[in-house]
Amino acid sequence: MTTGIFLRIAAETAEEDSSKGERLITPYWRVIKEDGSLNEKLPGGMEAQAVHLREEGHAIQSSSGKKPPRVEDFEKSLQEL
């Protein structure tokens, strides 16, 4: 729970910095859930997170029923680190 609170604080600060023209901000949109799902509690919700991730070259699977959108093959990106 604490991690989620601090993630949101970092994300909101990054968005505030971005709105002031800062170019180097914390890439909070890279934080996804364990199964690759996007996070609805980040600024702009899942839609904004998907935009950022697509800009970085990630493919996003559409939501299916109650399942939220998720990053395709996110495990590959983890292996590249």
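Residues numbered from 1 in each chain as written. Predicted model: local features only at pLDDT ≥ 70, side-chain atom pairs only at ≥ 80, totals over all residues. Heavy atoms only, no water.

1. Some words on the overall build of the protein
Point 1. From N to C terminus, the protein includes 3 helices and 2 strands.
Point 2. Counting helices and strands in the order they occur from the N terminus, the protein gives α-α-β-β-α.
Point 3. A compact globule built from 81 residues would reach a C-alpha radius of gyration of about 12 Å, and the protein, at 13 Å, matches this within 12%.
Point 4. Relative to its full complement of 81 residues, the protein shows a buried share of 23%.
Point 5. Restricting the contact set of the protein to residue pairs at least 6 apart, pairs at least 24 apart contribute 35%.
Point 6. Looking at charge distribution, the protein has the averaged site of its 11 positive side-chain charges lying 4 Å from that of its 15 negative ones. (Helix = DSSP H or I, 4+ residues; strand = E, 2+ residues; numbered from the N terminus. Rg over C-alpha atoms; globule rule 2.2 N^0.38 Å. Buried < 20%, exposed > 50% of the residue type's maximum accessible area, 1.4 Å probe, protein only. Contact = heavy atoms within 4.5 Å. Lys, Arg positive; Asp, Glu negative; His and termini not counted. Charge placed at Lys NZ, Arg CZ, Asp CG, Glu CD.)

2. Side note on the pattern of salt bridges
Point 1. All told, the structure shown has 4 salt bridges when counted by the stated rule.
Point 2. One salt bridge in this structure joins E12 and R8, with 2.9 Å as the shortest N-O distance. With E12 and R8 both in helix α1 (residues 2-19) and 4 residues apart, this pair spans about one turn of that helix.
Point 3. Residue E16 is joined to K20 by a salt bridge in which the shortest nitrogen-to-oxygen separation is 3.4 Å.
Point 4. On the basis of relative accessible area, E16 is assigned to the partly exposed category, the value being 45%.
Point 5. The exposure class assigned to K20 is exposed, which follows from its relative accessible area of 60%. (Salt bridge = Lys/Arg side-chain N within 4 Å of Asp/Glu carboxyl O.)

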